[in-house]
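Survey of secondary and tertiary structure
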Amino acid sequence: MNLSDVFKNVEESQTLKISAKAKEMIKEGIDVINLAVGEPDFDTPDYIKNFAKKAIDENKTRYTDASGIVELREAIAEKLKKENGINAKKENIVVTNGAKEAIFLSLFSILNPDDEVMVILPYFTSYTEVIKLCRAKPVLIEKNNGKITKEELENKKTDKTKLIMICSPNNPDGHVIDEDEFKAIKDFAIKNNVFILSDEIYENIIFDDNKNKSFASDEELFKKGLVITINGMSKAFSMTGWRVGYVHARDEIIKNIKVAKGHISSNTSSISQYAALEALKGFRENIEIFENNTEEFKKRRDVLVSILKDDKNISLKSPSGSFYAFIDISKILNRKYKDRTIKSDLDICEILLKDFNLSITPGLAFGDGNFVRLSFAADIKKIEKAANIIKEFSEKIV
Ligand code: PLP
């Protein structure tokens, strides 16, 4: 029997696959450092957990409006106004099962078969696959000297280009969009009437003097209704398992998303929604928890960068945000480790897992096989050990 052709072309999530392999080894009693993970290692703060327990005791356990409880959508609108400068209304928000569902529903609501979607390299592994699930076509955009430029966008534009996907701070390389890049993307979108999907899930995990600006805070873009803002509770609030994300978009898009969500999954877990409500309401009051988490990520980044910075075989541009380091391993390719010629980023990840019990992710999962991704969402001692393992491995390359 013929199943859907869509899946001939769509890959399983590589990050989840590799993380699962490391978890298997850990279960077998092997002491693996698992840095393939994409989630903060901090616990969900107590003030959020306590409110969720209360919601259960108060029997807030029934179906809710498919687009989310009104109080939560109001709190999100308030957050988008205060923290992001977006003139948001609760009617333009849908609460989803994580940011992933928000991304899928947005693309599903906008794209027609064969539409083209621009994706900046390196990209979050799910972007290209979700585009393909929507029967549209990802078009990869290279940066020029580490920057997104209008020229590159214009060069790749066709009459089928409908949307550009932006993630800042970026997974997997921690890149934060600067003012020039913001302007290039804005001008391109306005000139060509192209939507911008702005994934801001790492907005709070940002280092040094870097600043993130929400695309929908730009008045011109907002008025034209070109921006779809994606965010969620997973990373900033250490709530990956609760599955709460959200999308803000103009009326017609939100209408489609509501219809799709109502038929596909209905509401996000009611308990998780109440937890998210308290998380957002208590954000400023508990700001110390979140600032400390970001500070801890920064310390880990600095340790990693300081250990790897002078390595002759690998290079690492210090990430400006998120909790990932994208390490350039191109100088190792086609050289030898023991008797084995290293052919790919996957070979490196396999060797690190088998011989050194270190789990990281091949860069090809993010569109670039000259890199590997290491998540620094783990105890600083583990990060230090992992960096030294990579150094030791690099020294053994001939
Ligand atoms: N967007 C990016 C860039 C991510 O890295 C992730 C998770 O790894 C997500 C979205 C999905 O997050 P959620 O847990 O809210 O579905």
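Further up the page is the structure itself.
It should be emphasised that the depicted structure is a prediction, and the values quoted were computed from it without experimental measurement.

**Comments concerning the overall build of the protein chain**
Secondary structure assignment for the protein chain yields 13 helices and 15 strands. In terms of overall size, the protein chain behaves like a compact globule, its C-alpha atoms giving a radius of gyration of 21 Å where 398 residues would be expected to give roughly 21 Å. Judged by the C-alpha coordinates and their principal axes, the protein chain covers about 60 × 55 × 55 Å. Residue burial in the protein chain is summarised as follows: out of 398 residues, 57% are buried. Within the protein chain, counting contacts between residues at least 6 apart in sequence, those at least 24 apart form 73% of the total. Within the structure as shown, the protein chain displays about 18,500 Å² of accessible surface, and the carbon and sulfur contribution to it stands at 48%. Charge separation in the protein chain, taken as the distance between the mean sites of 62 positive and 64 negative side-chain charges, equals 2 Å.

**A look at the pairing of strand β2 (residues 93-96)**
Here β2 shows two buried faces, one formed by Ile93 and Val95 and the other by Val94 and Thr96. Pairing geometry for β2 and strand β8 (residues 245-248), over four bridges, is antiparallel. Residue pairing in the sheet places Ile93 in a bridge with His248 of β8.

**Quick notes on the side chain of Ser375**
Mapped onto the fold, Ser375 is located in strand β15 (residues 371-375). One polar contact links the side chain of Ser375 to the main-chain carbonyl oxygen of Val37, over a distance of 2.9 Å. A polar atom in the side chain of Ser375 sits 3.2 Å from the backbone nitrogen of Ala377. Discounting chain neighbours no more than four positions away, the residues touching Ser375 are Leu35, Val37, Phe323, Tyr324 and Ile383.

**Some words on the pattern of salt bridges**
Taken as a whole, this structure holds 31 salt bridges when the rule is applied. Of the charged contacts, one joins Arg340 and Glu350 as a salt bridge, the two residues approaching to 3.2 Å between their closest N and O atoms. Here the residue Arg340 occupies a position in strand β12 (residues 340-341), and Glu350 occupies one in helix α12 (residues 345-356), the gap between them amounting to ten residues. Arg340 sits in the partly exposed class, given a relative accessible area of 30%. By relative accessible area, which is 30% here, Glu350 ends up partly exposed. Overlapping salt bridges, with partners in common, bring together Asp208, Lys298, Arg301 and Asp302 in one network.

**Quick look at the packing of aromatic side chains**
Summed over all chains, the structure comprises 18 aromatic pairs. Aromatic pair Phe297 and Phe376: ring centres 6.5 Å apart, planes at 70°, arrangement edge-to-face. Remark: Phe376 occurs in the loop between β15 and α13 (380-395) and Phe297 occurs in helix α11 (residues 287-308); sequence separation between them is 79 residues. Centroid distance Phe326 to Phe366: 6.0 Å. Interplanar angle 90°. Geometry classified as edge-to-face.

**Examining empty space enclosed by the protein**
In this structure the tally under the stated criterion is three cavities of 30 Å³ or more. Estimates place the volume of the largest cavity at around 90 Å³. Taken together, 14 residues make up the lining of the largest cavity; nearest its centre are Ile120, Pro122, Ile166, Cys167 and Asn170. For the lining of the largest cavity, the secondary structure elements donating two or more residues are β3 (116-120) and β5 (161-167). In terms of residues, the lining of the largest cavity owes the most to one element, β5, which gives three residues. Broken down by class, the residue content of the lining of the largest cavity amounts to eleven nonpolar, two polar and one charged. Forming the boundary of the second largest cavity are Pro40, Phe42, Asn204, Ile205, Lys235, Ala236, Ser238, Phe290, Asn293, Thr294 and Phe297. When the residues that make up the lining of the second largest cavity are grouped by side-chain class, the tally is six nonpolar, four polar and one charged.

**So, the nonpolar core**
By size, the foremost hydrophobic cluster in this structure holds 124 residues, and its most contacted members are Leu107, Met165, Ile228, Phe237, Ile327 and Phe393. If sequence neighbours within four positions are ignored, Phe393 has contacts with Ile332, Tyr337, Ile342, Ile348, Ile351, Leu352 and Phe356.

**As for the pairing of β15**
In regular strands, side chains alternate between the two faces of the sheet. Here β15 lies mainly inside the structure; five of its five residues are buried. Sheet topology places strand β10 (residues 324-328) next to β15; five bridges connect them, and they run antiparallel. Residue pairing in the sheet places Tyr324 in a bridge with Ser375 of β15. As paired strands, strand β14 (residues 361-362) and β15 are joined by two bridges and run antiparallel to one another. Its bridge partner lying in β15, Pro362 is registered against Val372.

**Let's talk about the sheet that holds β8**
If you trace the seven strands from one edge of the open sheet to the other, you get β2-β8-β7-β6-β5-β3-β4, paired in mixed fashion. Looking at the sheet topology across the chains shown, the edges are occupied by β2 and β4 (137-141). Taken pair by pair, the neighbouring strands of this sheet meet at an average axis angle of 20°, ignoring direction. In terms of strand pairing, β3 meets β4 through five bridges, oriented parallel. Bridge pairing links Met118 to Val139 in β4. Against the sheet, helix α4 (residues 98-110) touches β2, β5, β6 (195-199), β7 (227-232) and β8, its axis set at about 160° to β7.

Conventions and cut-offs
- Residues numbered from 1 in each chain as written.
- Predicted model: local features only at pLDDT ≥ 70, side-chain atom pairs only at ≥ 80, totals over all residues.
- Heavy atoms only, no water.
- Helix = DSSP H or I, 4+ residues; strand = E, 2+ residues; numbered from the N terminus.
- Rg over C-alpha atoms; globule rule 2.2 N^0.38 Å.
- Buried < 20%, exposed > 50% of the residue type's maximum accessible area, 1.4 Å probe, protein only.
- Contact = heavy atoms within 4.5 Å.
- Areas by Shrake-Rupley, 256 points an atom, 1.4 Å probe, with all protein chains shown as cover.
- Lys, Arg positive; Asp, Glu negative; His and termini not counted.
- Charge placed at Lys NZ, Arg CZ, Asp CG, Glu CD.
- Pairing = 2+ DSSP bridges.
- Polar contact = N/O pair within 3.5 Å; in protein donor to acceptor, adjacent residues only side chain to side chain.
- Salt bridge = Lys/Arg side-chain N within 4 Å of Asp/Glu carboxyl O.
- Phe/Tyr/Trp six-rings, centres within 6.5 Å; stacked < 30°, edge-to-face > 60°.
- 1 Å grid on protein atoms, 1.4 Å probe; cavity = no way out; pocket = protein on both sides within 12 Å on 5 of 7 lines; lining within 4 Å.
- Points joined across faces, edges and corners; volume = space filled by probe spheres on them.
- Nonpolar A, V, L, I, M, F, W, Y, C, P; charged D, E, K, R; others polar.
- Core = buried A, V, L, I, M, F, W, Y, C linked by side-chain atoms within 4.5 Å.
- Axes fitted to C-alpha atoms, helices over the stretch in contact; angles between N-to-C directions.

Nothing here speaks to function; it is geometry throughout.
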